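# Architecture and fold: a report
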Amino acid sequence: IQVLLTKDPNKYNDRGQFFKEKQIKIAGHILSFADIEHGIIRGSQHEFFLGYFKRPFASGIEKKFRVLKRDYRIHFALNCGAKSCPPVAIYDWTRLSEQFDKSTDSYLRKFTNYVSGEKTAYVTSLFSWFRGDFGGIEGIKDILLKFKQIPDKNTRLKTSNYDWTLDLGN
């Protein structure tokens, strides 16, 4: 959000380029948002392949700072500037798990729609894009059950459209 507020917000129109451009300084290194998300926060996961394959050639900075274990809840805490993103929040490392649970619950309540007559839950596209991070379809259903979004595992899942409209006030 800060990058878009201080630079040209039209850069967001080409999201692929925007997220790959090296523009954030961390520990003396200039990184892209993609480097941070896929390399560090997701533990060197390839941005393609639904979260099932690691990046084959991780950089030294990525190897040094990447998490050892992925936490699916990060997807409900990261804000990419779009309307369908979770809101920006400040996290306290001493309460991170509790806060991740709260942001996950809040996001799923907002972006999950269960239609009982169809036994179908319409869910965020994040579940499709990062399926491996969530433990596949069964893992997604476990998450939806944990956060009381579906009544049982016999629920059919369909992804909803992701709204990429820029929302700097989120």
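Summarised in this report is the structure supplied together with it. (Residues numbered from 1 in each chain as written. Predicted model: local features only at pLDDT ≥ 70, side-chain atom pairs only at ≥ 80, totals over all residues. Heavy atoms only, no water.)

What follows covers the environment of Tyr-122. Relative to the assigned elements, Tyr-122 resides in strand E4 (residues 120-123). Judged by its relative accessible area of 22%, Tyr-122 is partly exposed. The sequence separation of Tyr-122 and Asp-35 amounts to 87 residues, and the corresponding C-alpha distance is 30 Å. When residues no more than four places from it in sequence are discounted, the contact partners of Tyr-122 are Phe-111, Thr-112, Asn-113, Val-115, Lys-158 and Ser-160. Engagement of the side chain of Tyr-122 in a polar contact is seen with the side chain of Glu-118, the distance being 2.6 Å. (Helix = DSSP H or I, 4+ residues; strand = E, 2+ residues; numbered from the N terminus. Buried < 20%, exposed > 50% of the residue type's maximum accessible area, 1.4 Å probe, protein only. Contact = heavy atoms within 4.5 Å. Polar contact = N/O pair within 3.5 Å; in protein donor to acceptor, adjacent residues only side chain to side chain.)

Before going further, it helps to spend a moment on the packing of aromatic side chains. When we look at a pair of aromatic rings, we describe it by the centre distance and by the angle of the planes. Enumeration according to the criterion identifies 16 aromatic pairs in this entry. A ring pair is formed by Phe-76 and Phe-134, whose centres lie 5.8 Å apart and whose planes are at 40°; its orientation type is tilted. You can see Phe-76 sitting in the loop between helix H4 (60-65) and helix H5 (96-111) and its partner Phe-134 sitting in the loop between helix H6 (126-129) and helix H7 (136-146), a full 58 residues away along the chain. We note that Phe-76, like Phe-134, is buried. Here the aromatic rings of Tyr-91 and Phe-100 are separated by 5.5 Å at their centres, their planes lie at 75°, and the arrangement is edge-to-face. (Phe/Tyr/Trp six-rings, centres within 6.5 Å; stacked < 30°, edge-to-face > 60°.)

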